[in-house]
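Coordinates in review
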Amino acid sequence: MKPAVLEVMRMNRVCRMVLVTSVGSFILVIFYFQIMRRNPFGMDICCRKGSRSPLQELYNPTQLSNTAILHQIRRDQVTDTCRANSVSSRKRRVLTPNDLKHLVVDEDHEMIYCYVPKVACTNWKRVMMVLTGRGKYSDPMEIPANEAHVSSNLKTLNQYSIPEINHRLKNYMKFLFVREPFERLVSAYRNKFTQKYNTSFHKRYGTKIVRRQRKNATQEALQKGDDVKFEEFVAYLIDPHTQREEPFNEHWQTVYSLCHPCHIHYDLIGKYETLEEDSNYILQLAGVGNYLKFPTYAKSTRTTDEMTTEFFQNISSLHQMQLFHFSSRDRITCGQKESGFGLSSISSLLWVIIFFN
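So, here is what we can say about the structure in this document. (Residues numbered from 1 in each chain as written. Predicted model: local features only at pLDDT ≥ 70, side-chain atom pairs only at ≥ 80, totals over all residues. Heavy atoms only, no water.)

With respect to the sheet that holds strand β1 (residues 103–106)
With respect to topology, 4 strands assemble into an open sheet ordered β1-β2-β3-β4, the strand pairing being mixed. Of all strands in the sheet, those with a lone pairing partner are β1 and β4 (268–271), marking the two edges. Direction aside, neighbouring strands of the sheet carry axes that sit 25 degrees apart on average. On top of the sheet, helix α5 (residues 121–132) reaches β1, β2 (111–114) and β3 (173–178); it is set at about 25 degrees to β1, its chief contact. (Pairing = 2+ DSSP bridges. Helix = DSSP H or I, 4+ residues; strand = E, 2+ residues; numbered from the N terminus. Axes fitted to C-alpha atoms, helices over the stretch in contact; angles between N-to-C directions. Contact = heavy atoms within 4.5 Å.)

Points about the nonpolar core
Side chains of nonpolar character tend, in soluble globular proteins, to be buried together. Counting 54 residues, the largest nonpolar core has Y113, W124, M173 and F175 as the members making the most contacts within it. In this structure, M173 is in contact with P54, L55, L58, E110, M111, I112, D267, L268, I282 and L285, ignoring residues within four places of it in sequence. If you look at the next biggest cluster of nonpolar residues, it comprises 25 residues, including F193, I315, L323 and F324. (Core = buried A, V, L, I, M, F, W, Y, C linked by side-chain atoms within 4.5 Å. Buried < 20%, exposed > 50% of the residue type's maximum accessible area, 1.4 Å probe, protein only.)

Focus on the side chain of N249
Tracing the sequence through the fold places N249 in the loop between α12 (240–245) and α13 (255–259). For N249, a relative accessible area of 12% corresponds to the buried category. A polar side-chain atom of N249 sits 3.3 Å from a polar atom in the side chain of Y205. The residues contacting N249, other than those within four sequence positions of it, are F201 and Y205. (Polar contact = N/O pair within 3.5 Å; in protein donor to acceptor, adjacent residues only side chain to side chain.)

A closer look at the state of the cysteines
In total, this model carries 2 disulfides according to the counting rule given. Across the disulfide, C82 is cross-linked to C262 (sulfur-sulfur distance 2.0 Å). Disulfide C82-C262: torsion about the S-S bond near -80 degrees, hence left-handed. One end of the pair, C82, is in helix α4 (residues 66–88); the other, C262, is in the loop between α13 and β4, and 180 residues separate them in sequence. (Disulfide = S-S within 2.5 Å.)

Observations concerning the side chain of T156
Within the element layout of this structure, T156 appears in the loop between α6 (145–148) and α7 (162–171). For T156, a relative accessible area of 13% puts it in the buried group. A polar contact is formed between the side chain of T156 and the side chain of N158, at a distance of 2.5 Å. Apart from residues no more than four positions distant in its own chain, T156 is found in contact with L100, K101, L103, V104 and V105.

With respect to the packing of aromatic side chains
On inspection of all chains with the given rule, the structure shows 20 aromatic pairs. Centre to centre, the rings of Y113 and W124 are 5.5 Å apart; their planes meet at 35 degrees, and the pair counts as tilted. Pair noted here: Y113 is in strand β2 and W124 is in helix α5, with a separation of 11 residues, a long-range link. On the basis of relative accessible area, Y113 is assigned to the buried category, the value being 1%. The exposure class assigned to W124 is buried, which follows from its relative accessible area of 0%. An angle of 70 degrees between the planes, with centres 5.3 Å apart, marks the rings of Y189 and F230 as edge-to-face. With Y189 in helix α8 (residues 181–193) and F230 in helix α11 (residues 230–238), this pair connects stretches of sequence that are 41 residues apart. An aromatic cluster is present here, built from F182, Y189, F193, F201, Y205, F230, F233, W252, F311 and F312 joined pairwise through their rings. Stacked on the ring of Y272, the Lys or Arg R179 has its end atom at 3.9 Å from the ring centre. The lysine or arginine in question, R302, covers the ring of Y272, its NZ or CZ lying 5.2 Å from the ring centre. (Phe/Tyr/Trp six-rings, centres within 6.5 Å; stacked < 30°, edge-to-face > 60°. Lys NZ or Arg CZ within 6 Å of the ring centre and 35° of its normal.)

Quick look at the structure:
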């Protein structure tokens, strides 16, 4: 009888242990899915050590692809142009921390993104907030556009010490996106001077442009600055007094001045023409491509080639040439597709390097 009782007691203990283990496992599964629902990148972030960095994935790929070859061509084009220019130029400039305020740092995925206004920077800032948010965000498009531009939401390279800056520039994957300069200027004009809600731009820049460029301006136009014509905007940009007065606003400042591609070696240069493909390739290198895709654009709102041509129809040849010189830090050919790769934006990035130095 006693052995039977002991056997029953042993079986009870086993049953309780099985029950506790099952309940515990069930709780862990629920907890896991709760975390993954909030942050699908949680595993990637916590396990970055021991996995390949984006830089390793880029330069030592497990499988060489046409995309990797294309980006190597772009890197070589930038490097060769900068090298040729440095030989012919006597100018030498050392970057200061203030030059690095457009370089956003993602510590978890070891990436640095130089943002350029009017080249999809709002959506890329949203993506960077997802990548650096450690679960706070999961969908980039759930982040309001104005929140993406709050400086405290992202850490930039100028916030680090000099040794920390050098370490990240050497070991993190650096990328930027470029756009045909004339198209970017038209996009900036449409956004900042034709939208009624941009009263701050109208007050700060619109009134100044009207005062300088419009003869017999009405008192209302001088006070509001909300009806700036594209021709007046172009005249303002090429006016030598403009650059002497204050630095250009970042929305029409050159990519060269914002991201310094001849001082910083960028590992990836994306083009606005192939924005989604290039962006998703970067996310793939970061190891999050299965969970995160770059937001698609509402193409109807984009500034297109045709729209740019229409805006420039009323710009004189002289002003177009002067504007070409102004934007030449972002241009090597104007609207020309090279080698079948469609590198007009890459080419545009580089003409400046040759022309002004």
